[in-house]
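# Descriptive structure summary
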Amino acid sequence: SKGPYLFGTDFTLADAHVFPFMQRLVITLKHWKNYELPKDKFSNILLWLDSCFGRSSVEESSMTDEKTIEVYTRFVGADYKFGGLNTNK
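Here the structure is a predicted model, which means the values were calculated and not measured.

We now examine the pattern of salt bridges. When the charged atoms of two side chains lie near each other, side chains of opposite charge can form a pair. Applying the stated criterion to the full structure yields three salt bridges. Linking Lys 67 and Glu 70 is a salt bridge whose minimum nitrogen-to-oxygen distance equals 3.4 Å. Taken as a pair, Lys 67 and Glu 70 lie in helix α4 (residues 65-77) at a separation of three residues, close to a single helical turn. The partly exposed category is assigned to Lys 67, whose relative accessible area is 36%. On the accessibility criterion, Glu 70 (39% relative accessible area) is partly exposed. Where Arg 74 meets Glu 70, a salt bridge forms, and the shortest distance between an N and an O atom there is 3.3 Å. You can see Arg 74 and its partner Glu 70 sitting in helix α4, four residues apart, about one turn around the helix. What makes Arg 74 exposed here is its relative accessible area of 51%.

Evaluation of the coordinates by the stated rule reveals four aromatic pairs. Ring geometry for Tyr 5 against Phe 11: centres 5.5 Å apart, planes inclined by 80°, an arrangement best described as edge-to-face. On the basis of relative accessibility, which here comes to 24%, the residue Phe 11 falls in the partly exposed class. Plain terms: the ring middles of Phe 19 and Trp 48 are 6.1 Å apart, the flat faces sit at 70° to each other, and that makes the pair edge-to-face. Note that Phe 19 is positioned in helix α1 (residues 13-33) and Trp 48 in helix α2 (residues 39-53), a separation of 29 residues in sequence. Residue classification places Phe 19 among the buried positions, given a relative accessible area of 3%.

On to the side chain of Gln 23. Relative to the elements of secondary structure, Gln 23 occurs in helix α1. If we ignore the near neighbours within four places in the chain, the residues touching Gln 23 are Leu 49, Phe 53, Ser 62 and Met 63.

What counts, and where the lines are drawn
- Residues numbered from 1 in each chain as written.
- Predicted model: local features only at pLDDT ≥ 70, side-chain atom pairs only at ≥ 80, totals over all residues.
- Heavy atoms only, no water.
- Salt bridge = Lys/Arg side-chain N within 4 Å of Asp/Glu carboxyl O.
- Helix = DSSP H or I, 4+ residues; strand = E, 2+ residues; numbered from the N terminus.
- Buried < 20%, exposed > 50% of the residue type's maximum accessible area, 1.4 Å probe, protein only.
- Phe/Tyr/Trp six-rings, centres within 6.5 Å; stacked < 30°, edge-to-face > 60°.
- Contact = heavy atoms within 4.5 Å.

Below, the structure is given as structure tokens:
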């Protein structure tokens, strides 16, 4: 795009929808897999994330990294015995 966001210079509904998933992905990959997106391969995604993080609306509505880890720790540790989840344990 010709701007810092998915569709150009304006923060749109597309950014608002995709950002939380990417935010959680980055936080959880770093925490559980000790993996960070390499700048040389994902420079555009990282620039987009930085642009989104720079918005006060995003900062005010996002969970902290610590809260995200807390929530996902409960999710990962849950003993699911329905619907075939966790059959690979």
